[in-house]
Amino acid sequence: MGVMYFCFQMDDNHPLRLWKVSVDVEKSPGEILNRLLREHQLWENDLLHSEVVETLGDETEIYHHTIRSTFPHPHRDYIVLRTWQTDSQTGLCVLAATSVDAKELPLQGVQANVITSQYHIEPVGASRSKLSHICRIDTRGRTPEWYNKAFGYLCAADVARIRNSFQPINAEGPETKI
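Basis of the calculations
- Residues numbered from 1 in each chain as written.
- Predicted model: local features only at pLDDT ≥ 70, side-chain atom pairs only at ≥ 80, totals over all residues.
- Heavy atoms only, no water.
- Core = buried A, V, L, I, M, F, W, Y, C linked by side-chain atoms within 4.5 Å.
- Buried < 20%, exposed > 50% of the residue type's maximum accessible area, 1.4 Å probe, protein only.
- Helix = DSSP H or I, 4+ residues; strand = E, 2+ residues; numbered from the N terminus.
- Contact = heavy atoms within 4.5 Å.
- Phe/Tyr/Trp six-rings, centres within 6.5 Å; stacked < 30°, edge-to-face > 60°.
- 1 Å grid on protein atoms, 1.4 Å probe; cavity = no way out; pocket = protein on both sides within 12 Å on 5 of 7 lines; lining within 4 Å.
- Points joined across faces, edges and corners; volume = space filled by probe spheres on them.
- Nonpolar A, V, L, I, M, F, W, Y, C, P; charged D, E, K, R; others polar.
- Patch = residues over 30% accessible without salt bridge, like charges linked within 9 Å, V, L, I, M, F, W, Y side chains within 5 Å.
- Areas by Shrake-Rupley, 256 points an atom, 1.4 Å probe, with all protein chains shown as cover.
- Salt bridge = Lys/Arg side-chain N within 4 Å of Asp/Glu carboxyl O.
- pLDDT = per-residue confidence, 0-100.

1. Some words on the nonpolar core
Ranked by size, the top nonpolar core spans 33 residues in total, and within it Leu36 and Leu131 carry the most contacts. Take this core: its biggest share by element is 6 residues, from helix 2 (residues 144-164). With near-sequence residues (within four places) excluded, Leu36 lies in contact with Trp43, Arg82, Leu95, Tyr119, Ile121, Leu131 and Ile162.

Written out as structure tokens, the structure reads:
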């Protein structure tokens, strides 16, 4: 199944649109939430650095990660306050994040502005979930036209990589005996 994506123009005079992308994943919501929180390197090919800067509670933390960019753009640092919850009755998991200032942290590039980022992970069957990402992110250094034409595709590629990170690696070729 493919990735569905939509955009919404908000009425707040900000030029960036709100994007929503969704994909079905053959895993439980808890497994997907764990992949988002603790296994970033398994689905983000351009991840240079990631760390939990400060734990603020059982389900809240300051998280810093750096994404490699292609020339001429500098690497992008994301410093976010993120919080998550799981509804034990329905199995729904939500992870929300927004940028925070952390002037004491060393940056490897330019600090991106996460206006809003929400992952909704809802069960849709046995070990199957619908992963939706709703986001509005200013990666810095790009025009509103670029966001309108390209950003939605990048968001769709992100959730596809998350989904694909659960699939086993298919080693091509004959089996060898050692």
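2. Thoughts on the packing of aromatic side chains
Counted according to the given criterion, the structure contains 5 aromatic pairs. Measuring from ring centre to ring centre gives 6.4 Å for Tyr5 and Trp19, while their planes differ by 35°; the resulting arrangement is tilted. With a gap of 14 residues between them, Tyr5 in strand 1 (residues 4-8) and Trp19 in strand 2 (residues 18-25) connect regions that are remote in the sequence. By relative accessible area, which is 33% here, Tyr5 ends up partly exposed. Look at Trp19 and you get buried, because its relative accessible area is 6%.

3. Points about the environment of Thr60
Mapped onto the secondary structure, Thr60 falls in strand 4 (residues 60-67). Thr60 gets classed as partly exposed once you look at its relative accessible area, which sits at 23%. With 15 residues separating them in the primary sequence, Thr60 and Asn45 have C-alpha atoms 25 Å apart. In contact with Thr60, other than residues within four places in its own chain, are Thr55, Leu81, Arg82, Thr83 and Trp84.

4. Describing the layout of surface pockets
Picture a little ball the size of a water molecule; that probe, rolled over the atoms, points out where space is still empty. Considered as a void within the structure, the largest pocket measures approximately 770 Å³ in volume. As for the largest pocket, its lining consists of 34 residues, and the residues nearest its centre are Glu44, Ile67, Arg76, Tyr78 and Asp158. Going through the elements one at a time, strand 4, strand 5 (76-86), strand 6 (93-99), strand 8 (113-125), strand 9 (128-138) and helix 2 are the ones with two or more residues in the lining of the largest pocket. With 7 residues, the top contributor of residues to the lining of the largest pocket is helix 2. Taken together, the residues of the lining of the largest pocket sort by class into 18 nonpolar, 8 polar and 8 charged.

5. A closer look at a nonpolar patch on the surface
Nonpolar side chains collect at one region of the surface, where Met4, Phe6, Phe8 and Met10 lie side by side and expose about 370 Å² of accessible area between them. Relative to the helices and strands, Phe6 is located in strand 1.

6. A short note on unusual backbone geometry
Note the cis peptide between Phe71 and Pro72, where omega equals 15°. With respect to the helices and strands, the residue Pro72 is situated in the loop between strand 4 and strand 5. Positive phi is not limited to glycine here, since Ser127 has a value of about 50°. For Ser127, the position within the fold is in the loop between strand 8 and strand 9. In this structure Ser127 comes out as partly exposed when scored by relative accessible area, which is 47%.

7. Observations regarding the confidence of the model for the protein chain
Across the protein chain, the average pLDDT comes to 92, with 94% of residues at or above 70. Averaged pLDDT values for the elements of the protein chain fall to 87 in strand 1 and rise to 98 in strand 6.

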